[in-house]
Each structure stands twice: as C-alpha cells, then as structure tokens.
Amino acid sequence: MRSTTRIAALGLAGVLLAACHHKDKDAPLAFVPADTPYVVANLDVLDDDTRKALLAQANAQLPSELVQLRSAADEMAEKDPDLSRLLKALIAELDGKTIETFAQNAGLNIKGRSAVYGLGLAPVARFELVDPKAFDAFVGRLEAAYGKPFDTATVGGQNYRKHVTTDGGLQIVMAEVGKQAVAAILPADAPEATLRLAFGLDRPEKNLQDDGRLEKLAKAKDYQPWAIGQVDFARLLPLAASGKDPLFNVLLKAHAEAESAKTGEPVSNQLKVSPACESEATRIASRVPSMSFGYTKLDEKHQNIRWDVALADDVTKAFSGMKVELPGLGAAGTAPFDVSIAVPIAQLRTFWGAQAEAVAAKPFTCPSLTDLNEGFAKIGLMTQQAAVPPVGDLLGLRVALDSFEPGGNNAMPKFSGRILIGTSNPAGLLAMAQMAASGLQQLKLTPDGKPAPLPPELTAPLGAPVWAAMGPKALALAVGQGEDVKLGELLNAAGGDAGRMGRLSLSGEMYQAWVKAMADKAEHIAELTAGSADDPEAQAAAKATAARSKAQFESMEAQAARIKSLNGEMHMESAGLVITSQTELK
C-alpha cells in the first residue's frame with residue numbers, strides 16, 4: 001500500500017500548493033478549532049513558476065504511481081472487492097491525464113487553500129473548489145464504482161452524503177459547503193452540533209487562523225508556508241485516555257467487543273476508564289509535548305523537510321550540549337552511502353537509568369499504561385548490563401560505501417567501503433575481537449591509523465581484501481582494493497558538534513543500486529514460489545503476484561532514477577530533537 005500512501009500524499013501536496021495573503025473569514029483555517037490536537041495546512045501560495053515545475057514533476061511521476069496503485073487494486077480484489085473497484089475508479093480518473101486536468105475534472109482548486117485537522121480526535125478535511133458541481137459529479141463517479149451509494153441527509157439546510165460502517169460505529173460524511181469540500185469521520189451517532197461544526201455551519205469559539213499558532217511555528221522553525229503540520233500530544237493523549245472523546249470511545253468499544261468475542265471478558269469491564277488515565281497521559285505528554293514538520297525548501301530541484309519533536313527540559317539538557325567524539329559525525333558524508341550514528345552508551349545509560357528510576361518511584365496505575373512499568377524495569381536492567389565493556393565504551397558507528405553490486409540469487413552482494421566503530425577504548429575492543437576470533441590473534445594495530453591486512457582465511461567469504469586500523473577513538477575496517485588508503489582520513493575525521501546525533505548521505509546512483517537489488521531479490525523469490533506451486537490455480541496466482549511485484553519495482557526504479565542525492569541529519573536543540581532531510585532531483 002506504499003503506492004496508495006504516495007498517491008494520497010501527492011493529492012494532499014496538490015491541494016496544499018497555495019493559500020491566502022490575508023485573513024479570510026472563510027479560509028479553511030478559520031473553521032479549525034484553536035485547540036485542535038492535530039493539523040496540516042498551508043499558509044501561503046507558491047509562485048506560479050515553482051508550482052508549474054512541481055506539477056511537471058508530479059505529472060512525470062504519475063504513470064509509475066498508477067502502476068503501483070493498479071497493482072494494489074488487483075491484489076485486494078478478492079478480499080475487498082468494493083475498495084478494489086474504488087481504487088480502479090480513481091485510477092481511471094487519473095489515467096492518461098495531467099494533475100491539472102484531473103483537478104479540473106474533479107472541481108479541485110490546485111491554487112486553493114486546505115486543512116486537515118482534528119475535531120477532537122475526529123479527522124476533518126477541508127479544501128477549496130473551483131467547481132462544486134464538478135466535484136459532486138466526481139464523487140458520484142467514485143460512489144458508483146464503489147457499488148454502494150452513500151445515504152443522503154440534511155443538517156441545518158446543508159445536504160451531505162454519509163456512509164455508516166458495517167459495524168455501525170462510524171460514519172464518513174461529505175459535503176460541498178459553498179466553494180469548499182468537507183469530509184470527516186465521525187461517530188455514527190454524532191449529535192447535530194458536531195455535524196454543524198464539522199461542516200462549518202457553526203464556527204469554533206476560537207479558531208486557528210486567529211490564534212496564529214502555525215504562523216508562529218513557521219517563524220520559529222524556519223518552515224516555509226506551503227505545508228505545515230503539528231501534533232499536539234499535550235491535547236491528544238489526555239483526550240484519548242480520559243474517555244471523553246466520542247470517536248476514540250467508538251473505536252475502544254469496537255476493540256472491546258472483538259476481545260470479548262475471543263476471551264469472554266465483558267465489554268463493560270473493558271470500557272471502564274480509571275481516573276488515573278487522564279493524569280498519567282498528561283504526564284507522558286509532558287515528556288513529548290508536540291511534534292511538527294514543514295518544508296524548508298521546495299522548488300523544481302529541491303524538497304527539504306524539517307521535523308521537530310519537542311521534549312522535556314531535562315531530556316534536551318542531557319543531549320543538546322553533548323559532543324560525541326565519533327570520527328565523521330562532525331561533517332557531511334563523502335561516500336556514495338555514508339551514515340554516522342551517535343550511540344554514546346555512557347550518557348545513554350545515565351539518562352535511561354534515571355527514567356527507569358522515575359517510573360519505579362511512581363509507577364503507572366492506568367490499566368492501559370501499566371505495561372510501561374515492566375518496560376522501564378527492563379530498560380533499567382539493560383542500562384546496568386550495558387556498563388560492561390566493550391558495550392559500555394561505545395560512541396557510535398559510521399558506514400561509508402563506495403560501491404555496491406547486488407549478488408545474483410543467493411550470492412552475497414559485492415561492495416567496497418569502510419566501517420568504523422567509535423569507542424573510548426579501541427584497544428579493549430580489539431582485544432575482545434581477538435578473543436572471539438582466533439584468526440585475529442596475530443593482528444597488531446597501533447593508534448596511529450596505520451592499516452594492517454586481515455588474514456585471507458577470514459576475508460575469503462567477502463571475495464575482497466580487508467584491512468583494519470585503529471585510532472584514538474575508533475576501530476575501522478576497509479573492504480575492497482584501494483580502500484586501505486582511506487582509513488587514515490576516516491579515523492581522523494571530525495567528531496560531532498554539540499547535540500549532533502546522526503548524519504546520512506546517499507547518492508542517487510547508490511539508491512538506484514539498492515532498489516535494483518531489492519527488485520532482483522523479490523523476482524527470485526517470486527520465481528521460487530511459482531515453481532513450488534502444486535496446482536495450476538496456485539501457479540497462476542503466484543505468476544500474477546510476481547507480475548505485480550515486477551511492475552511495482554520497475555515503478556520504484558523509475559522514481560529512483562530521478563533522484564540526484566538524499567541527505568539528512570539529526571541533532572538535539574534546547575527545544576527538542578530536530579530531523580532534517582534534503583532531496584535533490586536531477
């Protein structure tokens with residue numbers, strides 16, 4: 001279903017490619033409650049040239065996406081024929097068309113504004129239309145393909161479609177309200193007041209547009225205004241745990257009924273909510289109050305995204321000033337695949353040990369959270385065990401690959417590159433390795449980075465020479481001809497700056513090689529499966545599955561061919577954890 005996710009993201013990106021320059025009382029954000037627990041929306045408009053360039057990229061990518069979506073529809077045809085028909089109807093709407101043509105046929109405004117948000121925990125999507133009648137016809141076509149027409153109803157003079165789920169607990173509602181389309185998932189017995197608020201017939205007492213929360217967030221995090229999202233755990237978790245949210249209660253009841261059918265446990269017992277649950281959910285949320293994301297750069301060649309995870313003050317203080325002496329963590333990678341991950345065991349032991357002690361001192365009593373007590377007890381035990389060398393001395397890991405060739409069938413892939421293990425006691429790590437592998441006992445390394453070859457009997461399975469070297473803070477291996485001369489630079493690379501936790505660099509060529517390796521492996525497995533099938537029907541099914549898998553991977557390879565490079569990094573700031581990614585396209 002990865003293709004379905006991509007199509008959904010593509011559609012969401014399309015409707016997020018614009019917004020208003022001034023506050024409009026009918027803007028989507030004007031209907032979003034200021035206390036919504038989650039929201040994704042746009043605040044401003046892309047310039048026409050950039051939007052056209054991005055749409056051109058989307059149009060180039062669309063055929064391969066449709067291949068994957070069609071494969072998904074075929075795959076679910078037997079188990080869920082209604083949804084399969086719905087997906088095929090959506091494919092028919094998109095097939096052979098540009099995103100612009102599809103939007104026009106569906107009445108969507110690709111220069112419009114949109115928001116996806118929570119009415120409590122119930123999801124609501126609101127986006128602008130250029131032609132409400134065209135959108136109504138579009139929904140009608142999908143509805144017909146689905147095979148089960150929605151019911152129609154009216155609230156406050158507003159007509160809307162609704163579909164109640166088979167178990168009767170939820171309803172999907174859709175309406176064209178003015179020049180906006182609104183869709184929501186609500187409890188089947190949602191009162192009229194909830195429906196009116198969802199459709200915008202009534203306005204929230206305070207709305208997110210006037211609140212200005214997203215504008216402040218964009219300014220603080222350097223998000224561009226084209227797509228910004230936030231999840232407010234301080235609101236979301238207590239709302240779910242308290243038993244006060246209607247949608248969550250419907251889902252909880254459905255789960256309880258399913259468990260009751262299996263175990264005999266009365267549904268009423270499972271629906272009881274302890275008074276401790278809300279306060280303990282608030283306690284958890286105080287550790288991770290919110291998460292947000294937004295584009296920091298978006299044009300025809302770049303797609304850069306930043307994620308922020310807000311954390312409690314003691315968490316950020318433990319890591320934001322920490323400098324991990326892992327060689328290579330302090331600079332961007334130079335190899336086609338280059339990843340550095342900080343694992344400072346000494347500091348991690350101190351931090352997680354303190355968390356385990358805090359939970360032991362004040363255990364969770366809410367029934368749905370008591371498993372955390374056992375989990376943190378295990379973490380506390382692990383922090384004690386991790387004190388033993390060489391684990392207790394670890395600083396992190398760096399892997400730098402210069403080449404990668406997938407192996408045929410069951411053969412090992414061929415690669416060249418370097419692997420570095422950061423440690424505050426490299427001599428101790430070497431001694432431990434020599435105790436574990438007798439072939440290493442004659443290996444002599446000094447902390448000057450000078451490489452020494454490993455015995456051929458140990459390296460034969462790799463089919464390539466291997467060298468080892470030691471520095472003041474690491475042991476390293478080099479695999480492949482000419483890689484030994486790079487060990488000195490690897491060991492002497494800069495350690496991490498304050499708060500740095502990880503870096504990643506990946507070239508487009510290396511990414512393509514990985515996708516091809518996965519495709520070859522999947523094809524080999526499919527051939528074996530088809531060959532082992534006993535009857536003609538099973539063989540036909542296996543061949544159909546293999547054909548779908550091949551089409552999906554061909555689509556993935558076409559997408560990978562458009563990527564020039566992928567980069568990312570992770571660091572801790574005073575406000576929380578920051579993760580960034582930079583994608584450059586050809």
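As shown above, the structure is provided for reference.
Source: prediction; values computed, not measured.

## Points about helix 16 (residues 426–436)
- Residues of helix 16 that are buried: P426, L429, L430 and Q434. Looking straight down helix 16, one finds its buried side chains confined to an arc of 140 degrees; they lie on one side. Structural note: helix 16 exposes M435 and A436 on the side pointing more than 90 degrees away from its buried face.
- In the core, the buried residues of helix 16 are packed alongside strand 13 (414–423), strand 15 (466–471) and strand 16 (474–479).

## Notes on the state of the cysteines
- Inspection of every chain in the model, using the stated rule, returns 1 disulfide.
- Between the sulfur atoms of C277 and its disulfide mate C366 the distance is 2.0 Å. Looking along the S-S bond of the C277-C366 disulfide, the torsion reads about 85 degrees, which is the right-handed sense. One end of the pair, C277, is in helix 12 (residues 276–287); the other, C366, is in the loop between helix 14 (345–361) and helix 15 (371–385), with 89 residues separating them in the sequence.

## A few points about the pairing of strand 16
- Burial runs high along strand 16: 5 of the 6 residues are buried.
- Direction of pairing for strand 13 relative to strand 16: antiparallel, over a ladder of 6 bridges. Along strand 16, the bridge assignment pairs G417 with V479.
- Here strand 15 runs beside strand 16; their pairing, made up of 6 bridges, is antiparallel. Opposite V466, over in strand 16, you have V479 as the bridge partner.

## A look at unusual backbone geometry
- Cis geometry is adopted by the peptide bond preceding P390, which originates at P389 and carries an omega value of 0 degrees.
- Locating P390 in the fold gives a position in the loop between helix 15 and strand 12 (394–405).
- Residues other than glycine seldom take positive phi values, yet D222 does so here, at roughly 65 degrees.
- For D222, the position within the fold is in the loop between helix 8 (213–221) and strand 8 (228–232).

## Here's the deal with the pattern of salt bridges
- Enumeration according to the criterion identifies 30 salt bridges in this entry.
- A salt bridge links K486 to E483, with the nearest nitrogen and oxygen atoms 3.7 Å apart.
- With relative accessibility at 4%, the residue E483 sits in the buried group.
- Here the salt bridges share partners, and the residues they tie into one network are D136, E143, R161 and E176.

Conventions and cut-offs
One numbering rule holds for all chains: residues counted from 1, following each sequence as written. Restriction of local features to residues with pLDDT of at least 70 applies here, the model being predicted, together with a cutoff of 80 or more for giving and counting side-chain atom pairs; totals for whole chains, interfaces and linings are based on all residues. As a convention, hydrogens and water are excluded, and side-chain values are obtained from all of the structure's heavy atoms. Burial classification: accessible surface area is computed with a 1.4 Å probe over protein chains only, and a residue below 20% of its type maximum counts as buried, one above 50% as exposed, and the rest as partly exposed. Helix and strand labels come from DSSP, where a helix needs a run of H or I of at least four residues and a strand needs a run of E of at least two; each type is numbered from the N terminus. To be clear, the arc concerns the directions from the helix axis to the C-beta atoms. A contact between two residues is defined here by any heavy atoms of the two lying within 4.5 Å. Working definition: a disulfide is two cysteine sulfur atoms within 2.5 Å of each other. Strands are labelled as partners when DSSP assigns at least two bridges between them. When a carboxyl oxygen of Asp or Glu is within 4 Å of a side-chain nitrogen of Lys or Arg, the pair counts as a salt bridge.

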